[in-house]
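Descriptive analysis of the structure
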Amino acid sequence: MEKEDVLTALGTIGAVLAVLLAAASFTGRWPTDSNEYSSYTLQACAWLEGRLDLGKDYPWLELAVVDGKYYVSFPPFPSFVLLPFAAIFGKNTPDHLISLAFTVLGIVYAMKIYKRMKGNMECAAGAVLFLFLSNGYLFIAMRGWVWFLAQTLYFSLMLMAIDQALAGHEGCSAAALACAFGCRPMAIFYAPLLAVIAFRRWKIRHLDGCVLEWIKEKSLHLIPAVLIICIYMGLNAARFGSPFEFGHNYLPEFVREKQFDIRYVPDHFRQMFRLPKAGGKNGALIYDCFDWTAVWLLTPMSVLFLLAWAKAVWKGQKTFETMVLPILLAAHLMFLCCHRTLGGFQFGNRYLVDMLPILYYAILFWKPQGKGYAALFMSMGMMGFAVNLLGTVMAYHLAK
């Protein structure tokens, strides 16, 4: 990056950290706090002790129970990240600060993506602030709780995967995607997109090349990603008897009811459009802090994505992003709606946050022009920021 680009990135990082610290000052949720939901740290400590299970029950955590042993029920990559910290700090590993560090890393990669796709950093700060502050990411960035830590790592790793694909580094992109998969398995939905981005970059240098030649040339670059996936599978098999089982099916709640079922879809789909309720004090609206609320209000980038996509279709663009990417996003959304829960306690539709790196890329790809779109971008960005900041403060106060 040039000096001006570095200053823009530092200013953007400073702005995001300032907002998070301001929210912490109102909620008392400081990044230096101890972490009561430190499943990944406990798992890292157990590994360092030479065991795969936690050794005992922690009733307030979501743990898989197999043959009387207690295991962390989430994809394991964050525990690999925490291993060196757990070796130093033990169970006092600063999960919140580590999560915050990954937020900073994500901002850096979001800026790099903007520069690669736009060629300059003219409006990069506004776009990146929209990405990180005008949706539910603001809420999860406040804490290193087990659920949120997985998402902040996923968010940064997906941005890294996109950036490396744009740079033509297929191996690094695939490895970042494999790491993201170990945080949130839904990352796999976007493997085709990353492959297309990387192939386009390769095609610039090999005008007469075909897909088979590209695969043959780059196949060895995928070895790190394959090894990462193999580690997950081996760990799953050792703990749960199946290479494809991360442990959620052994949670007591999912033993009683199915984790995924098509019958959950209608109610969950309705929650995407659930409005705040009237009846608050002095005419205030009442926002729910459980599951989803109106997507257009709490996740306004989804609206801007749909408008940009519609304009691209209207102009007759026939790219992978226009023709196939909406199908991948719809499949991801359908997968989420089939899940028994929509993320529990939250503000900002936190499961939908996983889609935002892809929406960010797509909007930059289509480059929607016009003063009208710019005005809508600014107004919806400010609306999303205000609602999510105030909602985050409210939600964490209610949780005390």
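Residues numbered from 1 in each chain as written. Predicted model: local features only at pLDDT ≥ 70, side-chain atom pairs only at ≥ 80, totals over all residues. Heavy atoms only, no water.

Moving on, we get to empty space enclosed by the protein. Applying the stated rule across the entire model yields 1 cavity of 30 Å³ or more. What the largest cavity holds in volume is close to 90 Å³. Around the largest cavity, the lining residues are L17, L20, L21, A24, R29, P31, H96, L100, A141, M142 and R143. Broken down by secondary-structure element, the contributors of at least two residues to the lining of the largest cavity are α1 (3–27) and α4 (95–118). At 4 residues, α1 tops the list of elements feeding residues into the lining of the largest cavity. Of the residues belonging to the lining of the largest cavity, the class tally is 8 nonpolar, 1 polar and 2 charged. (1 Å grid on protein atoms, 1.4 Å probe; cavity = no way out; pocket = protein on both sides within 12 Å on 5 of 7 lines; lining within 4 Å. Points joined across faces, edges and corners; volume = space filled by probe spheres on them. Helix = DSSP H or I, 4+ residues; strand = E, 2+ residues; numbered from the N terminus. Nonpolar A, V, L, I, M, F, W, Y, C, P; charged D, E, K, R; others polar.)

A few words on a nonpolar patch on the surface. There is a patch of nonpolar side chains on the surface, built from V6, L7 and L10 and spanning about 270 Å² of accessible area. Among the secondary structure elements, V6 is positioned in helix α1. Residue V6 is classed as partly exposed on the basis of its relative accessible area, which comes to 35%. (Patch = residues over 30% accessible without salt bridge, like charges linked within 9 Å, V, L, I, M, F, W, Y side chains within 5 Å. Areas by Shrake-Rupley, 256 points an atom, 1.4 Å probe, with all protein chains shown as cover. Salt bridge = Lys/Arg side-chain N within 4 Å of Asp/Glu carboxyl O. Buried < 20%, exposed > 50% of the residue type's maximum accessible area, 1.4 Å probe, protein only.)

For side chains bearing opposite charge, pairing can occur when the charged atoms are close. All chains considered together, the criterion is met by 13 salt bridges. Close ionic contact of R116 with D163 constitutes a salt bridge, the shortest N to O distance being 2.6 Å. Linking R116 in helix α4 with D163 in helix α7 (residues 146–166), this pair joins segments that are 47 residues apart in sequence. One salt bridge connects R263 with D261, and the closest N-O pair in it is separated by 3.2 Å. One salt-bridge network, in which partners are shared between bridges, spans E170, E217 and K218.

Below, the discussion takes up the environment of K115. Tracing the chain through its elements places K115 in helix α4. For K115, a relative accessible area of 27% gives the class partly exposed. Between the alpha carbons of K115 and D267 there is a distance of 41 Å; along the sequence they are 152 residues apart.

The next point concerns the environment of Y396. Tracing the backbone through its elements, the reader meets Y396 in helix α19 (residues 371–398). Along the primary structure Y396 and F139 are separated by 257 residues, whereas in three dimensions their C-alpha atoms are 8.8 Å apart. Apart from residues no more than four positions distant in its own chain, Y396 is found in contact with T27, R29, F139, M142, R143, W145, F148 and F345. Here F139 takes part through its backbone oxygen, which lies 2.8 Å from a polar atom of the side chain of Y396. (Contact = heavy atoms within 4.5 Å. Polar contact = N/O pair within 3.5 Å; in protein donor to acceptor, adjacent residues only side chain to side chain.)

Before going further, it helps to examine α1. The end-to-end C-alpha distance of α1, which contains 25 residues, comes to 36 Å, matching closely the 36 Å that a straight helix rising 1.5 Å per residue would cover. Once α1 finishes, G28 follows within two positions and takes phi at roughly 75°, a positive value. (Expected span 1.5 Å × (residues − 1).)

On to the environment of E245. Topologically, E245 is positioned in the loop between α11 (223–240) and α12 (252–256). For E245, a relative accessible area of 12% puts it in the buried group. Along the chain, E245 and S73 lie 172 residues apart, while their C-alpha atoms are 9.3 Å from each other. Not counting the four nearest positions on each side in its chain, E245 is found in contact with N236, F240 and Y250. In this structure the side chain of E245 is engaged in a polar contact, spanning 2.8 Å, whose partner is the side chain of N249.

Let's shift gears to the packing of helix α15 (residues 301–314) against α19. In contact at an axis separation of 10 Å, α15 and α19 are set at 165° when each is read in the N-to-C sense. Classified by the angle their axes make, α15 and α19 are roughly antiparallel. Here α15 runs over α19; the crossing is left-handed. Residues V303, L304, L307 and A308 of α15 pack against Y373, L376, F377 and M380 of α19. (Axes fitted to C-alpha atoms, helices over the stretch in contact; angles between N-to-C directions. Parallel < 35°, antiparallel > 145°, perpendicular 65-115°, else oblique. Left-handed = near helix turned anticlockwise from the far one by under 90°.)

Before going further, it helps to examine helix α17 (residues 325–337). An α-helix turns once every 3.6 residues. As a result, residues three or four positions apart point the same way. End to end, α17 covers 18 Å across 13 residues, agreeing with the expected 18 Å (1.5 Å per residue, within 8%). Looking at α17, one finds that the buried residues are L325, P326, L328, L329, H332, L336 and C337. Lining the buried residues of α17 we find α9 (191–205), α13 (265–271), α15, α16 (320–323) and α18 (356–366).

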